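# Summary of structural features
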Amino acid sequence: MPQWLQAGGWGLLAGSALLVGAAVGYLVRVPRRVVASVMAFGAGVLLSAVAFELVDEANQRGGLRPTILGAAAGAIVYTGCNVLLARRGARHRKRSGAQQPSETEQSGSGTAIALGALLDGVPESIVIGASLLGGGSVGVVTVAAVFISNVPEGLSSAAGMRTAGRGKGFVFGLWTAIAVISGLAAVAGYTLLGDAPATVLAGITALAAGAILSMVADTMIPEAFEDAHLLIGLVTVAGFLVAFSLSQAGA
């Protein structure tokens, strides 16, 4: 199988977890404390993947300077886009309660939420595709981390969309589109960066890491601790250690 097609398949697989989570969040009345717990676990998984997979890989490929510059650029770009979308109604796109505005309350918020979901998912998928460059195998830990974290992201966001009065067509159409775009972004990560030098690949990987880290802080952690119980910290550490164990097993 061509490697660009493999990249797309892995990206689609990771993105499909959003659809799985959305189905649970929209169709099942999941208690908010449970949602907070699974979001905390997903946040821990992504924090570990950023630290032990993406940033470490970027540093090994290109050294400290492109890693720092790339991560800072990713955080700045993500935060800037997130601020713009937040002003248009997408600030609470991963919240499971009544924080998301309905279309009546804020016109255009549905579009902003869709663009926010796209903003959250693309960096992860590009990294999945780039991991196949040079004839290497896919970053299994990265795929697993993205898949595991995407389930609570889709679950919480879809629950909030249901509370805001958005219909099944919008919810499932959105997450299906994001899953497909995740696959295409992984293909783009493989094909567009194929001839890039090591320092550029390092910078791109670090850029994605910075964007993901900002996304965790901006959208996942607030939901995880909204209805915090005394075990939330342990759940977050559990997610972190699961991803760390996977990275060490594949080392």
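Along each chain, the written sequence defines residue order, and numbers are assigned to residues from 1. With pLDDT at 70 or above as the cut-off, local features in this predicted model cover only qualifying residues; side-chain atom pairs require 80 or more to be listed or tallied, and sums for whole chains, interfaces and linings still use all residues. The basis for the side-chain values is all heavy atoms of the structure; hydrogens and waters are excluded.

As annotated in an unreviewed UniProt entry, the protein is ZIP family zinc transporter from Actinoplanes siamensis.

Aromatic rings in a pair are described by how distant their centres are and how their planes are angled relative to each other. Only Phe, Tyr and Trp rings are paired, with Trp represented by its six-membered ring, and only when their centres lie within 6.5 Å; those with planes under 30 degrees apart are stacked, over 60 edge-to-face, the remainder tilted. Under the defined criterion, the tally for this structure stands at three aromatic pairs. Here the aromatic rings of Y26 and F172 are separated by 5.7 Å at their centres, their planes lie at 70°, and the arrangement is edge-to-face. Taken together, the residues span a long stretch of sequence, with Y26 in helix α1 (residues 3–27) and F172 in helix α6 (residues 168–191) at a distance of 146 residues. Centroid distance F52 to F240: 5.7 Å. Interplanar angle 70°. Geometry classified as edge-to-face. Here F52 is found in helix α2 (residues 32–62), whereas its partner F240 is found in helix α8 (residues 232–249), with 188 residues between them in sequence. Secondary structure elements follow DSSP: runs of H or I no shorter than four residues count as helices, runs of E no shorter than two count as strands, and numbering proceeds from the N terminus.

For a helix, the expected span equals 1.5 Å multiplied by the residue count minus one. Here α1 contains 25 residues, and its C-alpha end-to-end distance of 36 Å stays within 8% of the 36 Å for a straight helix at 1.5 Å per residue. Accessibility here uses a 1.4 Å probe with only protein chains present; expressed as a share of the type maximum, an area under 20% marks a residue as buried, one over 50% as exposed, and anything in between as partly exposed. Here α1 has its buried residues at A7, G8, G11, A14, G15, A17, L18, G21, A22, G25 and Y26. Any pair of residues with heavy atoms lying within 4.5 Å of one another is described as a contacting pair. For α1, the elements touching its buried residues are α4 (109–130), α5 (140–163) and α6.

Let us look at the side chain of S156. Looking at where S156 falls in the secondary structure, it is placed in helix α5. When near neighbours in sequence (up to four residues on either side) are disregarded, S156 contacts V35, M39, K94, R95, S96 and E223.

This part covers the nonpolar core. Looking at soluble globular proteins, one finds that nonpolar side chains tend to be buried together. Judged by nonpolar contacts, the single largest core of 33 residues is most densely connected at W175 and M220. For this core, the element with the most residues is helix α7 (residues 198–226), which contributes eight residues. Not counting residues up to four positions away in its chain, the partners in contact with M220 are M39, G42, A43, L46, K94, S149, E153 and M215. Put simply, buried Ala, Val, Leu, Ile, Met, Phe, Trp, Tyr and Cys residues joined by side-chain atoms within 4.5 Å make one nonpolar core.

Turning to a nonpolar patch on the surface, a few remarks are in order. Surface patches are drawn from residues lacking salt bridges whose relative accessible area is over 30%; two like charges belong together within 9 Å, two nonpolar side chains (Val, Leu, Ile, Met, Phe, Trp, Tyr) within 5 Å. Here, Shrake-Rupley sampling with a 1.4 Å probe gives the accessible areas, and only protein chains in the shown set may cover a residue. Salt bridges are defined as contacts in which a side-chain nitrogen from Lys or Arg sits within 4 Å of a carboxyl oxygen from Asp or Glu. Residues V20, V24, L27 and V28 make up a contiguous nonpolar surface patch of about 320 Å² in total accessible area. Inspection of the secondary structure assignment puts V20 in helix α1. Residue classification places V20 among the partly exposed residues on the basis of a relative accessible area of 46%.

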